[in-house]
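# Observations on chain architecture
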Amino acid sequence: MYKRSFYLTACIVAGVLILSQCIGKKADPRGDAFSGDASCSSCHPSAFAAHQHSAHAFASAPADAHTILGKFIAPHDSFLFPGNVVVKMEQNNNRYYQSAYLNGQLREQATFDITIGQGRKAQTYLSWHDNKYFQLPLSWFRPVMNWANSPGFPATYPYYKREIASSCFGCHSSYVKFETSFEGVRKMESFPENKVVFGITCERCHGPAQEHVAFHMQYPDEKTAHAITRIGQLSRQQQVDMCAVCHAGLKTPQRDLFEFRPGDRLSDYIMADYFATPAEQSANDVHGRQYQLLTASKCFRMSNQLTCTTCHDPHEDKRNDLTAYTKKCMSCHQPGSTNFCTQKADMQVLQEKCINCHMPEQPSGVITLLASGQQQPVADSLRSHLIKVYR
Ligand code: HEC
Ligand code: HEC
Ligand code: HEC
Ligand code: HEC
Ligand code: HEC
Ligand code: HEC
Ligand code: HEC
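Parameters at a glance
Residues numbered from 1 in each chain as written. Chains lettered and ligands numbered in written order. Predicted model: local features only at pLDDT ≥ 70, side-chain atom pairs only at ≥ 80, totals over all residues. Heavy atoms only, no water. Near = heavy atom within 4 Å. Polar contact = N/O pair within 3.5 Å; in protein donor to acceptor, adjacent residues only side chain to side chain. Helix = DSSP H or I, 4+ residues; strand = E, 2+ residues; numbered from the N terminus. Nonpolar A, V, L, I, M, F, W, Y, C, P; charged D, E, K, R; others polar. Salt bridge = Lys/Arg side-chain N within 4 Å of Asp/Glu carboxyl O. Buried < 20%, exposed > 50% of the residue type's maximum accessible area, 1.4 Å probe, protein only. 1 Å grid on protein atoms, 1.4 Å probe; cavity = no way out; pocket = protein on both sides within 12 Å on 5 of 7 lines; lining within 4 Å. Points joined across faces, edges and corners; volume = space filled by probe spheres on them. Contact = heavy atoms within 4.5 Å. Phe/Tyr/Trp six-rings, centres within 6.5 Å; stacked < 30°, edge-to-face > 60°. Donors = N, O, S within 2.8 Å, 3.2 Å for Na, K, Ca; no water. Tetrahedral: all angles 85-135°; square planar, octahedral: opposite > 155°, others 65-115°.

By the naming in an unreviewed UniProt entry, the protein chain goes by Cytochrome c554/c'-like protein and is assigned to Chitinophaga dinghuensis.

Shown next as structure tokens:
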């Protein structure tokens, strides 16, 4: 009798546990083949920890007190347009708004729903309503540490009607739910739900990994990777294509970028003539064309191993540590060899500063900012990925 009720209780407890686990693991909106970043942490703790703080992880995020960088405190909480129009940053019950007032009367208002950009240079905001995403009129810019007109927006009045296409999410997130329809021959997109997988997640780069996770959970002693693409064994072109999906500048993809998997060919997604190499950095903008510039460099063309990951850890941002990057240069350009720097200078200076001279920061001709109340526009600058001798 005692025993039976014990077993019964044990069965119920087990049943509840199993059930709660099923409910606990939320279905991934991308489908069952995806497992989600959290499932990678137990077996790949260092990649997971590094990635959590990276620009990739924050390429998009739900807008809240932690993710919105722009200020909501006077005097940095408003932007003055001509004709007594002011846009104020307002918050109410954990909702955040950009509200436009004319002579003190509320005229237009939209919520902050999504942040785009980690804020290395700028952060911009999307609002979701009427089954569409709209970019807010004001963005936050690091060079001026303030609000200013979103890039390309009119300077004379706050514009609330800039619709955002799914391609924006194609580079700044890992999934957005959208539907397409036709109005005549014009393709229209709608977003019936505000459903996004934020940031550039593990599986955005590595491809769906549910099978990989399930296999290694079942066979914890197996040390050879199963059901996951081994990037190190792809060709160099395939390796740079993986990054170029998002690092070759703005263009109109021919196929859904969310379907791109490591090993795929970029030219199957984006027309090849977009990749014509620019002669100069001036063709660059905030959506930098690192791919075009790097592949135009002699280092790339005359070696067959240089890729993006020769210099960048794909999981961790190493900002401003130019000495570490210089070491990468010297893995191919060794002091004393015939292909070392021919500039006459102190060896110490050379060894610390390859990057300063051969990958200089150059002002962008495309992005200039004028913050509220300022007279002089500020030009943004970018690191050139065209490695060469700059005179
Ligand atoms: C239960 C353990 C386990 C989990 C969970 C797991 N992996 Fe792995 N993974 C392994 C093992 C074991 C290897 C092979 C040894 C190694 O390279 O670390 C591996 C290797 C890899 C590799 C390298 C493949 C190669 O050889 O180049 C990638 C990429 C990878 N995993 C991605 C992921 C991602 C993404 C997730 C989460 C969605 C994940 N793993 C979750 C166990 C796991
Ligand atoms: C799905 C799109 C996507 C892919 C694929 C991608 N990136 Fe990025 N990457 C971004 C976006 C978007 C940002 C800017 C994020 C931000 O600042 O908010 C970024 C930022 C970066 C940065 C700047 C980090 C910093 O310190 O600010 C580096 C370096 C970088 N990516 C390298 C790579 C490399 C190398 C690869 C290939 C292994 C790659 N990316 C693949 C979208 C992508
Ligand atoms: C082709 C891929 C691509 C598309 C499409 C794209 N971006 Fe980006 N975006 C990037 C990359 C890569 C960066 C990192 C900057 C760089 O390349 O130097 C970036 C940077 C940014 C930044 C600055 C982030 C920071 O940390 O300073 C903002 C803001 C931004 N993008 C907004 C947008 C918005 C809004 C859209 C859609 C209207 C969009 N982007 C479309 C790839 C893309
Ligand atoms: C921007 C694209 C990108 C993202 C995001 C990304 N990876 Fe990677 N990962 C790569 C590339 C590229 C390599 C191959 C590096 C090489 O061989 O130079 C790699 C290698 C690996 C490896 C094998 C080598 C190593 O460093 O241990 C593992 C394991 C791995 N990634 C796991 C993860 C996990 C887990 C996440 C999420 C927390 C993640 N990756 C996110 C691009 C990415
Ligand atoms: C994978 C190997 C490799 C790496 C890493 C590499 N280079 Fe090169 N680089 C080459 C090769 C090969 C050439 C062309 C042949 C030569 O000049 O010896 C070259 C050429 C150059 C040139 C001459 C370019 C021209 O247009 O005349 C400069 C300058 C240069 N590299 C600087 C650098 C700097 C700075 C770095 C680090 C940011 C770097 N390289 C990283 C392989 C590499
Ligand atoms: C020879 C080394 C080298 C290679 C190869 C390289 N990068 Fe970079 N990259 C750098 C350096 C150095 C910086 C500046 C880092 C800093 O200022 O902290 C940088 C910065 C960046 C940034 C930040 C935005 C900017 O322009 O300041 C992005 C994004 C980026 N790289 C993407 C890529 C991609 C994508 C590839 C491959 C197509 C690539 N890089 C190949 C050295 C390299
Ligand atoms: C102070 C600026 C400066 C620094 C630092 C510097 N270089 Fe140079 N480098 C130059 C100039 C200028 C030339 C052209 C010299 C000439 O031909 O008169 C040059 C030439 C070269 C060349 C030969 C280019 C050719 O025409 O074939 C290579 C390769 C090179 N540098 C690599 C490097 C590497 C690698 C480092 C870091 C270890 C480095 N440089 C550091 C300024 C610099």
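On to the site of ligand 6, then. Around ligand 6, 20 residues are found, and the nearest of them are Cys308, Cys311, His312, Asn320 and His385. Interatomic distance of 2.8 Å between a side-chain N/O atom of histidine 312 and a nitrogen atom of ligand 6. In this structure, asparagine 320 approaches ligand 6 through a main-chain N or O atom, which is 2.5 Å from an oxygen atom. Of all the secondary-structure elements, those providing two or more residues to the shell around ligand 6 are α7 (290-296), α9 (308-311) and β16 (378-383). The biggest single contributor to the shell around ligand 6 is α7, with three residues. Among the residues making up the shell around ligand 6, the classes are represented as ten nonpolar, six polar and four charged.

With that out of the way, let us pick up the pattern of salt bridges. Following the criterion strictly, the structure yields ten salt bridges and no others. Note that glutamate 203 and arginine 30 form a salt bridge whose closest N and O atoms lie 3.6 Å from each other. Of the two residues, glutamate 203 is situated in helix α4 (residues 202-206) and arginine 30 in the loop between α1 (2-24) and α2 (45-52); the sequence distance between them amounts to 173 residues. In this pair, the class of glutamate 203 matches that of arginine 30, namely buried. A salt bridge links glutamate 361 to arginine 383; the shortest N-O distance between them is 3.7 Å. Separated by 22 residues along the polypeptide, glutamate 361 in strand β15 (residues 361-369) and arginine 383 in strand β16 bring together distant segments of the chain. Members of the salt-bridge network, linked through shared partners, are Asp28, Arg30 and Glu203.

In this section: the layout of surface pockets. A volume near 620 Å³ is recorded for the second largest pocket. What lines the second largest pocket is a set of 24 residues, and nearest its centre among them are Asp37, Ala38, Val197, Phe198 and Thr201. When residues of the lining of the second largest pocket are traced back to their parent elements, those giving at least two are α2, β1 (60-62) and β14 (196-198). Broken down by class, the residue content of the lining of the second largest pocket amounts to ten nonpolar, nine polar and five charged.

As a further point, take the site of ligand 2. Contacts to ligand 2 come from 19 residues, most closely from His56, Gln118, Cys243, Cys246 and His247. One nitrogen or oxygen atom from the side chain of histidine 56 is found 2.8 Å from a nitrogen atom belonging to ligand 2. Contacts to ligand 2 include arginine 319, whose side-chain N or O atom sits 2.6 Å from an oxygen atom. Those elements that provide at least two residues to the shell around ligand 2 are α3 (166-172) and α6 (236-247). Ranked by residue count, the leading element in the shell around ligand 2 is α6, at four residues. Classifying every residue of the shell around ligand 2 by side-chain character gives eight nonpolar, seven polar and four charged.

By secondary structure assignment, the location of threonine 124 is in strand β7 (residues 122-129). Within the structure, the side chain of threonine 124 is placed 2.7 Å from the side chain of glutamine 135, a separation counted as a polar contact. Once residues lying within four places of it in the same chain are set aside, the contact partners of threonine 124 are Ile114, Thr115, Ile116, Gln135, Ser139 and Ser150.

A word on the packing of aromatic side chains. Under the definition given, this model contains 16 aromatic pairs. Judged by centre distance (5.8 Å) and plane angle (50°), the ring pair of tyrosine 125 and tryptophan 147 falls under tilted. With tyrosine 125 in strand β7 and tryptophan 147 in strand β10 (residues 146-149), this pair connects stretches of sequence that are 22 residues apart. Look at tryptophan 147 and you get buried, because its relative accessible area is 1%.

The next subject is the coordination of the iron atom of ligand 7. The protein atoms that coordinate the iron atom of ligand 7 are Cys341 (SG) and His358 (NE2), at distances spanning 2.1 to 2.3 Å. Around the iron atom of ligand 7, the six donor atoms are arranged such that angles at the metal cover 87 to 178°; this shape is classified as octahedral. One end of the pair, cysteine 341, is in the loop between α10 (322-330) and α11 (347-358); the other, histidine 358, is in helix α11, with 17 residues separating them in the sequence. When its relative accessible area of 32% is taken as the criterion, cysteine 341 is described as partly exposed.

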